[in-house]
Amino acid sequence: MLQIRLFGKPQVICDGTDITPELGNKGCALLCILFLRGGEYYAREKLAAYLWPDSAASAAKYNLRYTLWKIKKSTDIGEGGRSLIKLDREYCCIDRAYDYICDLQTIDEIDPETQSADELKRACDAFGGELLEGDYFNHCEDLNELILSQRIYYEKRKNRLLMKAAELYEQRDMLPEAVGILERVMEYEPYNEQLALRLMTLYERGGDRSRAIRFFNEFRNRLASNLEIYPGSAITQKYAELKAAPAAPEPAPAADSVPGLHVQTYCLRAVPCFWMADTVGKLLDAVGNDVRPDDRTLLRVLGAIQPAAAVCAGAEGEVTAAPAAVAQAFIRWLTGLAARQPLAVHIRRAGEMDDVSRGVLEYLLAERPAGLTLLTEDGGALGDMPSRK
């Protein structure tokens, strides 16, 4: 059995043996081009031009013959047997009758209209990363452009499959599953207003009106800070309806072994400083106007990532600050709050934290400031920085 992985770091395994080093980057790129064509024949001359554009025609053809020979040699299944690639003097293609599994072909063959939500979610989990992740081919502009365009195409396809899975979960009233998937898509489409409105609606359906309101505020701040635009009428109207609706009675607080003020924070890898901005916003909501005068200088700097901090500090106009200054202000303000009263910060989806916030969190985990407890979303102590998902 031949196993071919083209998403994430390319890998080709034949009967348990990793043959990727034998094929090399160009061999994996050649396989990728052929799988993108499905089972259709591809002109060898065009393949040579993609992979060796700077070589003379004779040299490019030789390089292609040698690369095809390496693939054939590594995948032949015996005398008179099949090889992964069918070829003649002018064309070549993938032999669909060969015994193999390829993640790209598997994803191409998914029909979202005939798959269950669980099947669609599992299929999307098979995306191990970007197409030919980490590969860049010097002097091969057409090849690099092809790979980039296909990365964009498959990212959009994955999001469409996830959206369909969320729709199916929603139809079955499996709201936590639907919300989890849409939050995952939101990481890649952080400015998608229709998606944001759909999430707010699901939060409301799940009985978490306050979460829907907080989400709108985060989304509005993201648009204002990064794009200098504001949400449209549909989502703004939804927000107004949520604010006008009577608040549901708050559940009795659960007993908790960690004393002090608790805040629930969220991570979004695609948006720089998102966890820090979310933490600042949640803490300001919690402490209200109880902000000391000496905090206002720090909050003015934090206004670069959280508009509510700029307002609290009395800053006028747009606030800008270098990432290092923002990180230092965040650490000083957070540790100052914790020194005055015990503070517990719950971190949801910590493995999806943006890089800047991740560095700050690693610092806090190493320093362990007095009064500050960092917790996972289920309330467990956060001992080490979670690995990337």
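Residues numbered from 1 in each chain as written. Predicted model: local features only at pLDDT ≥ 70, side-chain atom pairs only at ≥ 80, totals over all residues. Heavy atoms only, no water.

1. Topic: the layout of surface pockets
Here is step 1 of the chain: One number sums up the size of the second largest pocket: a volume of about 650 Å³.
Here is step 2 of the chain: Surrounding the second largest pocket, 29 residues form its lining, Asn221, Ser225, Ala304, Ile305 and Pro307 being those nearest its centre.
Here is step 3 of the chain: Breaking the lining of the second largest pocket down by element, the ones donating at least two residues are helix H9 (209-227), helix H11 (274-287) and helix H13 (307-313).
Here is step 4 of the chain: Among the elements that take part in the lining of the second largest pocket, H9 stands out by supplying six residues, more than any other. (1 Å grid on protein atoms, 1.4 Å probe; cavity = no way out; pocket = protein on both sides within 12 Å on 5 of 7 lines; lining within 4 Å. Points joined across faces, edges and corners; volume = space filled by probe spheres on them. Helix = DSSP H or I, 4+ residues; strand = E, 2+ residues; numbered from the N terminus.)

2. Section: the pairing of strand E2 (residues 11-14)
Here is step 1 of the chain: Sheet topology note: the strand E1 (residues 2-5)/E2 ladder contains four bridges and is antiparallel. By the bridge assignment, Leu2 is partnered in E2 with Cys14.
Here is step 2 of the chain: Counted between consecutive antiparallel strands, the loop separating E1 from E2 contains five residues, among which Gly8 sits at a positive phi close to 80°.
Here is step 3 of the chain: Summarising the sheet, E2 and strand E3 (residues 17-18) pair through two bridges and their orientation is antiparallel. Bridge pairing in E3 links Cys14 to Thr17. (Pairing = 2+ DSSP bridges.)

3. Here's the deal with the sheet that holds strand E7 (residues 100-102)
Here is step 1 of the chain: Ordered in space as E3-E2-E1-E7, the four strands form an open sheet in which the pairing is mixed. Two strands bound the open sheet, and with one partner strand each, they are E3 and E7.
Here is step 2 of the chain: Each of E1, E2, E3 and E7 is contacted by helix H1 (residues 20-36), which is oriented at about 105° to E2, the strand it contacts most. (Contact = heavy atoms within 4.5 Å. Axes fitted to C-alpha atoms, helices over the stretch in contact; angles between N-to-C directions.)

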